[in-house]
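Below are the chains, spelled out letter by letter.
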Amino acid sequence: METVSENRCYNGVQGVYRHASEACGCDMTFGLFLPEEAGTGPVPLLWYLSGLTCTHENAMTKAGAQQWAAEQGIGLVFPDTSPRGEGIADDPMYNLGTGAGFYVNATEEPWSKNYRMWDYIAEELPRVLTANFAIDAERQSICGHSMGGHGALTLAMAYPERYAAVSAFAPIAHPSQSDWAKKPIHAYLGEGRVDWTRHDACLSLRANGFAGPMLIDQGTGDQFIDALMPEALAAAMTETRHPGVFRMQKGYDHSYFFISTFMEDHVAFHAEALYR
């Protein structure tokens, strides 16, 4: 593993690291913030999964999460959103290919060779983190934005005992019914061959549930709100009587200004679950 950079941040360290990924068949880069408590022992970990077109860097530099994580004594990991590099399949569309892995294991050509983001996030990167850093593997939580909200919700429901809590900012909530996500997921997995119970948060919540609490924030001024379908997730939470909070935030759009405004709430929400 290569250390790309390390900077002192809120008395902790914000690092960027690169490693060879078996799951994705290329080098992958991630950001990791560790609070000062990591100097004396393993700390809980909060995963932040980013949205379309993002790299590991966007949330790391724009979300303002480190100061709140430092207050709570928890680590933050910012994975990339797709494989990258020479020879990696891509597409001119912003919602397919580079920056748009959708947190699935692709089975269709030309994507299947490298686009295995589900395995990367669920299996490989956790092993890399616990082997190389002071991370407590028994205390993990997960959140995400947009495509990353979709990833956070579906991963949390697939591994209900792993994550203490799940939260999302403007998640793609019902991709089986939204062309914004349905088309790229069909490209990766094949039309008619998608296990939507695994890859649609609304269907997964009804089928599998989740062991921990849930927090969802959605801006009423979000330019993508019709494609995100937040009302479908609110209905699924109500129908399953899942313990959670769904908040419609007046006037907020899809940007990092929205995320940074409510990031303190989300980190505190996860910290409460992690230290329970």
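Along every chain, residues carry numbers that run from 1 in the direction the sequence is written. Only residues with pLDDT of at least 70 are given local features in this predicted model, and only at 80 or more are side-chain atom pairs given and counted; all residues enter the totals for whole chains, interfaces and linings. Processing note: side-chain calculations cover all non-hydrogen atoms of the structure and skip hydrogens and water entirely.

Engineer: Sorry if this is basic, but what is going on with the overall build of the chain here?
Structural biologist: Elements are defined by DSSP. Helices are runs of H or I of four residues or more, strands are runs of E of two residues or more, and each kind is numbered from the N terminus. The helix and strand tally for the chain stands at 10 helices and 9 strands. With the radius of gyration taken over C-alpha atoms, the globule rule is written as 2.2 Å times the number of residues to the power 0.38. Compactness check: the chain gives a C-alpha radius of gyration of 17 Å against a globular reference of 19 Å for 276 residues, within 12% of the reference. Taking the principal axes of the C-alpha coordinates as reference, the chain spans close to 50 × 45 × 35 Å. Classification of residues uses two cut-offs on accessible area relative to the type maximum, computed with a 1.4 Å probe and protein chains only: under 20% is buried, over 50% is exposed, and between them is partly exposed. Of all 276 residues assigned to the chain, the portion counted as buried reaches 59%. In the chain, once contacts between residues fewer than 6 apart in sequence are set aside, the share between residues at least 24 apart is 71%. For the chain, the exposed surface amounts to about 11,200 Å²; the carbon and sulfur share of it is 47%. When charges are tallied, Lys and Arg are placed among the positive residues and Asp and Glu among the negative ones, while His and the ends of the chain are skipped. Charge coordinates come from a single atom per side chain, which is NZ of Lys, CZ of Arg, CG of Asp or CD of Glu. Across the chain, the mean location of the 18 positive side-chain charges is 3 Å away from that of the 33 negative side-chain charges. Here, two residues are considered to be in contact whenever any of their heavy atoms come within 4.5 Å of each other. Throughout, the Shrake-Rupley method with a 1.4 Å probe supplies accessible areas, and for residues the shown protein chains are the sole cover considered.

Engineer: How do you make sense of the nonpolar core when you look at a structure like this?
Structural biologist: The definition of a nonpolar core used throughout is a set of buried Ala, Val, Leu, Ile, Met, Phe, Trp, Tyr and Cys residues joined through side-chain atoms within 4.5 Å. Within the largest apolar cluster, 92 residues are counted, with the highest numbers of intra-cluster contacts made by Phe-30, Leu-129 and Tyr-188. With 8 residues, helix H3 (residues 117–132) is the single largest residue contributor to this core.

Engineer: I'm lost on the packing of H3 against helix H4 (residues 147–158) in this one. Help?
Structural biologist: Relative placement of two packed helices is described by the angle separating their axes and the distance separating the axes. Where H3 contacts H4, the axes come no closer than 12 Å and their chain directions differ by 55 degrees. One element, H3, and the other, H4, form an angle in the oblique class. H4 is crossed by H3, and the crossing has right-handed handedness. Contacts from Trp-118, Ile-121 and Ala-122 in H3 reach Thr-154, Leu-155 and Ala-158 in H4. Every angle, taken between N-to-C directions, lies between 0 and 180 degrees, and every axis is a line fitted to C-alpha atoms, over only the stretch in contact when it is a helix. By definition in this entry, angles of less than 35 degrees are roughly parallel, angles greater than 145 are roughly antiparallel, angles of 65 to 115 are roughly perpendicular, and the rest are oblique. Rotating anticlockwise by less than a right angle from the far helix to the near helix defines a left-handed crossing, while the corresponding clockwise rotation defines a right-handed one.

Engineer: So what exactly am I meant to see when it comes to the side chain of Thr-29 here?
Structural biologist: As for its position among the elements, Thr-29 is in strand E3 (residues 26–34). Within the local environment of Thr-29, its side chain forms a polar contact with the side chain of Arg-18, the two groups lying 3.5 Å apart. Every residue in contact with Thr-29, bar those within four places of it in the chain, is listed here: Val-16, Tyr-17, Arg-18, His-56, Pro-79 and Asp-80. We define a polar contact as two N or O atoms separated by no more than 3.5 Å, with the added condition that, inside protein, one atom must be a possible hydrogen donor and the other a possible acceptor, whereas residues neighbouring each other in sequence contribute only through side-chain atom pairs.

Engineer: Can you walk me through the pairing of strand E8 (residues 214–219) in this structure?
Structural biologist: As a general feature of sheets, a regular strand has side chains that alternate between the two faces. E8 sits mainly inside the fold: 6 of its 6 residues count as buried. Residues of E8 alternate between two faces, with Met-214, Ile-216 and Gln-218 on one and Leu-215, Asp-217 and Gly-219 on the opposite face, all of them buried. By the convention used here, strands pair only if DSSP detects at least 2 bridges between them. Note: strand E7 (residues 163–169) against E8, 4 bridges, orientation parallel. Bridged to Ala-168 within E8 is Ile-216. Pairing geometry for E8 and strand E9 (residues 244–249), over 6 bridges, is parallel. When the bridges of E9 are listed, Asp-217 appears paired with Arg-247.

Engineer: Sorry, what's going on with the pattern of salt bridges here?
Structural biologist: Opposite charge on two side chains allows them to pair when their charged atoms are near. Any carboxyl oxygen of Asp or Glu that lies within 4 Å of a side-chain nitrogen of Lys or Arg is treated as forming a salt bridge with it. In this structure the tally under the stated criterion is 9 salt bridges. The salt bridge partner of Asp-136 is Arg-139, with a shortest N-O separation of 2.8 Å. Judged by relative accessible area, which is 19%, Asp-136 ranks as buried. Across the pair Lys-182 and Asp-179 runs a salt bridge, and its minimum N-O distance is 3.7 Å.

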